[in-house]
Amino acid sequence: MNFPGQGDKTPMSPLDRMEKRFSPAGMTRNRVRKAFSSLMWLISIRIDMAAKRTFDVIFAAILTVLLSPFWIVMLLCCGIERIPCIGKNGKVFEAINFPISQKTLPGRILNALKFPRFAALWNILKGEMSFIGPRASAPGELDLREGDSRRRLNVRPGLVCTFWVRRRVNIAFDSESVVDAEYVETHTIRGDVGILVRSIISAMYGNGSTAAPTGRVSILGIPIDNLTMDEAVKVILHRTEVKKQSRVSFVNADCANISWKNQEYMRTLVECDVVLADGIGMKLAGRMLKQNIRENVNGTDMFPRLCKGMEAEGKTMFLLGGRPEVPDAVAAWVAERYPNLKICGFQHGYYSADEEAAVIERINECQPDVLIVAFGAPRQEIWIKKHLEECGAKVAIGVGGLLDFYSGRIPRAPLWMRELGIEWVYRFIQEPGRLWKRYLVGNTIFMMRFLVKRGSGRKYRADVKGINNKCAL
Ligand code: UDP
């Protein structure tokens, strides 16, 4: 029976549908549809490119007018230098720069304000550069023949780019060519405005510091291994090969605050084999100490990289902690993406004290290469110290709320927030009742403690204990 408005249409069988689709009329219809969507795509790209160029010209013209008195002074005082660079489609052009000496104080201030870069407004007006785009590389600097590096030639080079922003907040974990290729593929005018705003804010965080020396940095008495993300993953993989069991911890501003009051936790961190700097607070503290933290080595960004490395080496992992069903979901997440990484077991973190011996026994039966412990700080670090030997794992890592993210229970902050160094704001908005003290009060206290301690000129506690300055690397 047909309902009103339905007519007497009967559903088409799959065979009829195929026949209709591949009939001459159907094929023509498909071709027209495809050509139309390609045309729309081309038009939208053209509109976007025109909008980007219009934005560049208007903004560069305004800045040139505003900065013209400075320009005249700079031209008279230092002249200009022309640096050959590779532009769009591989065309070589000369980028304009003010050669300001770093030797004098005004020179250092102008360099810190990135003033020499503003000379490139001329290149932007000429259409050789853009505000946002991959860094202008020198001829021969990059192999531009193929792959990700070649894609940067599709757009004009820029004054700032996503990689630059990420390096400032210490989250440039992927190579420059990968990040640039991602930009070339996905850029929009709205995205460019976002990058511009983020670059202005992230300029306050100081230089990206992957080139800073390795070695241990003491922050509020905690010995931090100054490693990059890649190095930290390598160190952990290496430690699964050696006989001695290892403990790995991530330390952020909140952990530093807890350790300030909790001596047991402090001792645990000082004795830990690898301690990694997590979050923007650590970067700022390192910067004030003039011992730059090289990268924000947080557990959440490390987890997929560690899984990848462990999968390649055929290692095993045990997941412990989180609410019931959380580690199960993470095990499924891992199985889908890293099928050759064996999750040898998992257990949620809400078991009773009576069940603890059985949990430890289960971990010991697996003898995992890596034991992930997600109880939150300081409980997880103290638990690892107490039970690692009985667990039989080669490496145990305290990861806090990491499993909540990969199980999908708690969404992670969008990339733009991470690029601003404000992931903590997102976490705070998710659970304000629980986290207001940790973030709003805790971050301020951390910075105050740090400034007072640094200003007092007294030695840090761990220095007094004579922490080993040898990095885990
Ligand atoms: N948790 C647990 N058992 C408990 C208490 C907490 O497994 O008895 C887990 C909790 O589910 C969460 C993690 O420990 O996944 C702590 O997360 P939090 O965000 O507090 O840690 P952070 O990353 O901030 O150190």
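Here the structure is shown first, and the text comes after it.
Nothing here was measured: the structure is a model prediction, and the numbers come from that model.

Draft legend 1. Representation of the overall build of the chain. From N to C terminus, the chain includes 21 helices and 12 strands. When its C-alpha atoms are laid out on the principal axes, the chain stretches across 90 × 70 × 45 Å. By the burial criterion, 48% of the 473 residues in the chain qualify as buried. Contacts in the chain between residues at least 24 apart in sequence constitute 73% of all its contacts with a sequence separation of at least 6. When the accessible area of the chain is evaluated, it comes to approximately 25,000 Å², of which 59% is carbon and sulfur surface.

Draft legend 2. Focus on unusual backbone geometry. Following Ala377, the chain continues into Pro378 via a peptide bond in cis, with omega recorded as 5 degrees. Structurally, the position occupied by Pro378 is in the loop between strand S11 (370-374) and helix H16 (379-391). Of note, the phi angle at Leu220 is positive, near 50 degrees, even though the residue is not glycine. Mapping Leu220 onto the fold places it in the loop between strand S5 (216-219) and strand S6 (222-225). Given the relative accessible area of 1%, Leu220 is considered buried.

Draft legend 3. Local environment of the nonpolar core. Among the nonpolar cores identified, the biggest contains 43 residues, and Met302, Phe303, Met317 and Ile397 are the most heavily contacted of them. When residues of this core are assigned to their parent elements, the largest contribution, 6 residues, is made by helix H9 (residues 229-239). Cys85, Cys161, Val179 and Ile195 belong to the second largest nonpolar core, which has 33 residues in total.

Draft legend 4. Looking closely at the site of the ligand. Near the ligand, the surroundings consist of 16 residues, among which Gly322, Arg379, Gly401, Asp404 and Arg438 are the closest. Residue Asp404 places a side-chain N or O atom 2.7 Å away from an oxygen atom belonging to the ligand. Within the side chain of Arg434, a nitrogen or oxygen atom sits 3.2 Å from an oxygen atom of the ligand. The protein chains hide 79% of the 550 Å² of surface that the ligand would expose on its own. Its residues assigned to classes, the shell around the ligand comprises 4 nonpolar, 6 polar and 6 charged.

Draft legend 5. Local environment of the pairing of strand S1 (residues 81-86). Of the pairings in the sheet, the one linking S1 to strand S2 (residues 92-97) comprises 6 bridges and is antiparallel in character. For Arg82, the partnering residue across the bridge sits in S2 and is Ile96. In this antiparallel pair of consecutive strands, S1 and S2, the connection spans 5 residues, and Asn89 shows a positive phi of 60 degrees.

Draft legend 6. Structural detail: a nonpolar patch on the surface. Residues Phe36, Leu39, Met40, Ile43 and Ile47 make up a contiguous nonpolar surface patch of roughly 490 Å² in combined accessible area. Position of Ile43 among the secondary structure elements: in helix H2 (residues 24-78).

Draft legend 7. Broad picture of the packing of aromatic side chains. What the rule picks out here adds up to 12 aromatic pairs. With a centroid separation of 6.0 Å and an interplanar angle of 85 degrees, the aromatic rings of Trp71 and Phe98 are classed as edge-to-face. With a gap of 27 residues between them, Trp71 in helix H2 and Phe98 in the loop between S2 and helix H3 (105-112) connect regions that are remote in the sequence. Phe98 shares its class with Trp71; the two are buried. Connected via pairs of aromatic rings, a cluster forms that spans Phe303, Trp333, Tyr338 and Tyr406. Its end group placed over the ring of Phe375, Arg379 keeps NZ or CZ at 4.3 Å from the ring centre. In this arrangement the basic side chain of Arg438 is found over the ring face of Tyr439, its NZ or CZ atom lying 5.9 Å from the centre.

Draft legend 8. Focus on the side chain of Arg427. The topology assignment puts Arg427 in helix H19 (residues 423-430). If we ignore the near neighbours within four places in the chain, the residues touching Arg427 are Phe405, Ile410, Arg434, Leu435 and Tyr439.

Draft legend 9. Local environment of the packing of helix H13 (residues 299-312) against helix H14 (residues 326-337). Direction vectors running N to C along H13 and H14 enclose 55 degrees, while the axes themselves pass 11 Å from each other. In terms of axis orientation, H13 runs oblique to H14. In this structure, H13 meets H14 at a crossing whose hand is right-handed. Seen from H13, the contacting residues are Phe303, Pro304 and Cys307; seen from H14, they are Val330, Trp333 and Val334. Residue classes in the contact of H13 with H14 are distributed as 6 nonpolar, no polar and no charged.

Basis of the calculations
- Residues numbered from 1 in each chain as written.
- Predicted model: local features only at pLDDT ≥ 70, side-chain atom pairs only at ≥ 80, totals over all residues.
- Heavy atoms only, no water.
- Helix = DSSP H or I, 4+ residues; strand = E, 2+ residues; numbered from the N terminus.
- Buried < 20%, exposed > 50% of the residue type's maximum accessible area, 1.4 Å probe, protein only.
- Contact = heavy atoms within 4.5 Å.
- Areas by Shrake-Rupley, 256 points an atom, 1.4 Å probe, with all protein chains shown as cover.
- Core = buried A, V, L, I, M, F, W, Y, C linked by side-chain atoms within 4.5 Å.
- Near = heavy atom within 4 Å.
- Polar contact = N/O pair within 3.5 Å; in protein donor to acceptor, adjacent residues only side chain to side chain.
- Nonpolar A, V, L, I, M, F, W, Y, C, P; charged D, E, K, R; others polar.
- Pairing = 2+ DSSP bridges.
- Patch = residues over 30% accessible without salt bridge, like charges linked within 9 Å, V, L, I, M, F, W, Y side chains within 5 Å.
- Salt bridge = Lys/Arg side-chain N within 4 Å of Asp/Glu carboxyl O.
- Phe/Tyr/Trp six-rings, centres within 6.5 Å; stacked < 30°, edge-to-face > 60°.
- Lys NZ or Arg CZ within 6 Å of the ring centre and 35° of its normal.
- Axes fitted to C-alpha atoms, helices over the stretch in contact; angles between N-to-C directions.
- Parallel < 35°, antiparallel > 145°, perpendicular 65-115°, else oblique.
- Left-handed = near helix turned anticlockwise from the far one by under 90°.

Just geometry here; none of it tells us what the structure is for.
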